[in-house]
Amino acid sequence: MTECCGGGTRLIYACSGAADVGEIADRVVRRLRSEGITKMTCLAGIGAGLSGYIQSAKGADENITVDGCQVACAKKTLEKMDVTPSSYILTDLGLVKGETPVTEEIIIRMCEKIKSARSNPVSTPPAGSGGCSCGGKC
Amino acid sequence: MKIEILGVGCAKCHKLEELVREVAKNENISADICKVEDFKKIMNYGVMTTPALVIDGEVKVAGKIPSADQIRGWLKN
């Protein structure tokens, strides 16, 4: 859903890679979206160079990537567009590529780890632009 | 030249439309300027945050209001 005014916009992208951890990354991002934490958008749109996706990333207050493994395709795709995301990599959070079944239990566990990491950040998320200070009223 | 301002009707969207019309007028640039409020049309551009400015099908900015100088540069190119 499109965010009015760009105030507090957080966009999230999954690598959605072919491996088990890529599939889990996709499911994790969809779950975080359904919880209303962030707005999911298409990494493929960025990779294809579509201006709407690129400018939305540049205008968002924060971009978040969830990658299955350390190849970090989602993170690097955004960085190629000069956008620095808050990056989460599932193998860094304990999953093993090629050896992890795609189960609800693991998806929920990864969501909780990401939410926990976000509430106790090691480093400050990148400063964004935009925001109209409307407090959601406009 | 076709210019579209994408937005669902917030203050920033109106401000961007006014700014674009003002710059086009001052620079004597003939353009078809229209406001797009249809949510599906906005989503078709992949735009996740408004206001957004589209010139001849290319999204130039989303989620913020560009400066008059930036708009002028886009209109003259």
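What counts and how
Residues numbered from 1 in each chain as written. Chains lettered and ligands numbered in written order. Predicted model: local features only at pLDDT ≥ 70, side-chain atom pairs only at ≥ 80, totals over all residues. Heavy atoms only, no water. Helix = DSSP H or I, 4+ residues; strand = E, 2+ residues; numbered from the N terminus. Buried < 20%, exposed > 50% of the residue type's maximum accessible area, 1.4 Å probe, protein only. Contact = heavy atoms within 4.5 Å. Areas by Shrake-Rupley, 256 points an atom, 1.4 Å probe, with all protein chains shown as cover. Expected span 1.5 Å × (residues − 1). 1 Å grid on protein atoms, 1.4 Å probe; cavity = no way out; pocket = protein on both sides within 12 Å on 5 of 7 lines; lining within 4 Å. Points joined across faces, edges and corners; volume = space filled by probe spheres on them. Nonpolar A, V, L, I, M, F, W, Y, C, P; charged D, E, K, R; others polar. Pairing = 2+ DSSP bridges. Axes fitted to C-alpha atoms, helices over the stretch in contact; angles between N-to-C directions. pLDDT = per-residue confidence, 0-100. Salt bridge = Lys/Arg side-chain N within 4 Å of Asp/Glu carboxyl O.

A. Structural detail: the overall build of chain A. If you tally the helices and strands in chain A, you get 5 helices and 4 strands. Helices (α) and strands (β) of chain A occur, in sequence order from the N terminus, as β-α-β-α-α-β-α-β-α. By residue count, 44% of the 138 residues in chain A fall in the buried class. For chain A, long-range pairs separated by at least 24 residues make up 67% of all intrachain contacts whose partners lie at least 6 apart in sequence. Within the structure as shown, chain A displays about 6700 Å² of accessible surface, and the carbon and sulfur contribution to it stands at 51%.

B. Region of the structure containing helix H1 (residues 20–34) of chain A. Residue and element names in this part refer to chain A. Helix length check: H1, at 15 residues, gives a terminal C-alpha distance of 21 Å against a target of 21 Å (1.5 Å per residue), a fit within 8%. Burial in H1 covers these residues: Asp-20, Val-21, Gly-22, Ile-24, Ala-25, Asp-26, Val-28, Val-29 and Leu-32. If you follow the buried residues of H1, they end up packed against strand E1 (10–14), strand E2 (39–40), strand E3 (62–67) and helix H5 (104–119).

C. Fine view of the layout of surface pockets. By volume, the second largest pocket is sized at about 170 Å³. As for the second largest pocket, its lining consists of 11 residues, of which Arg-33, Met-40 and Thr-41 of chain A together with Met-43 and Met-48 of chain B are closest to the centre. Looking at the lining of the second largest pocket, the elements that each hand over two or more residues are H1 and E2 of chain A. Split by residue class, the lining of the second largest pocket holds 6 nonpolar, 2 polar and 3 charged.

D. Summary view of the sheet that holds strand E1 (residues 2–6) of chain B. Residues and elements named next belong to chain B. Pairing is mixed in the open sheet, where 4 strands are placed in the order E2-E1-E3-E4. Unpaired on one side and paired on the other, strand E2 (32–36) and strand E4 (58–62) mark the two borders of the sheet. The mean inter-strand angle of the sheet, taken between neighbouring strand axes irrespective of direction, is 20 degrees. Sheet topology note: the E1/strand E3 (residues 52–55) ladder contains 4 bridges and is antiparallel. What sits directly across from Ile-5, in E3, is Leu-53. Sheet strands in contact with helix H3 (residues 68–76) are E1, E3 and E4, and its direction is about 20 degrees off that of E3.

E. Highlighting empty space enclosed by the protein. Residues and elements named next belong to chain A. The tally for this structure, following the rule as stated, stands at 1 cavity of 30 Å³ or more. Reported here for the largest cavity is a volume of approximately 30 Å³. Along the walls of the largest cavity sit Ile-12, Leu-32, Ile-37, Thr-38, Ile-64, Ile-114, Lys-115 and Arg-118, which together make up its complete lining. The leading source of residues in the lining of the largest cavity is H5, at 3 residues. Here the lining of the largest cavity is composed, by residue class, of 5 nonpolar, 1 polar and 2 charged.

F. Structural detail: the confidence of the model for chain A. Chain-level statistics for chain A give a pLDDT mean of 87 and a share of 82% at 70 or above. In this model, residues 123–138 of chain A is a region of pLDDT below 50 whose contacts with residues beyond four sequence positions or in other chains number 34 contacts.

G. Quick look at the sheet that holds E3 of chain A. Residues and elements named next belong to chain A. The strand order E2-E1-E3-E4 describes an open sheet built from 4 strands, whose pairing is parallel. Two strands bound the open sheet, and with one partner strand each, they are E2 and strand E4 (86–89). Along the sheet, H5 contacts E1, E3 and E4; its crossing angle with E4, the most-contacted strand, is approximately 145 degrees.

H. Spotlight on the pattern of salt bridges. Summed over the entire model, instances satisfying the criterion amount to 16 salt bridges over all chains. Here Glu-62 of chain A and Arg-118 of chain A are joined by a salt bridge, their closest N and O atoms 2.9 Å apart. Residue Glu-62 of chain A is located in strand E3, and its partner Arg-118 of chain A is located in helix H5; the two are separated by 56 residues in the primary sequence. For Asp-69 of chain B, the salt bridge goes to Arg-72 of chain B, with nearest N and O atoms at 2.5 Å. Here Asp-69 of chain B pairs with Arg-72 of chain B, and both are found in helix H3, just 3 residues apart, close to one helical turn. Through salt bridges with shared partners, a single network forms among Arg-27, Arg-31, Glu-35, Glu-104, Glu-112 and Lys-115 of chain A.

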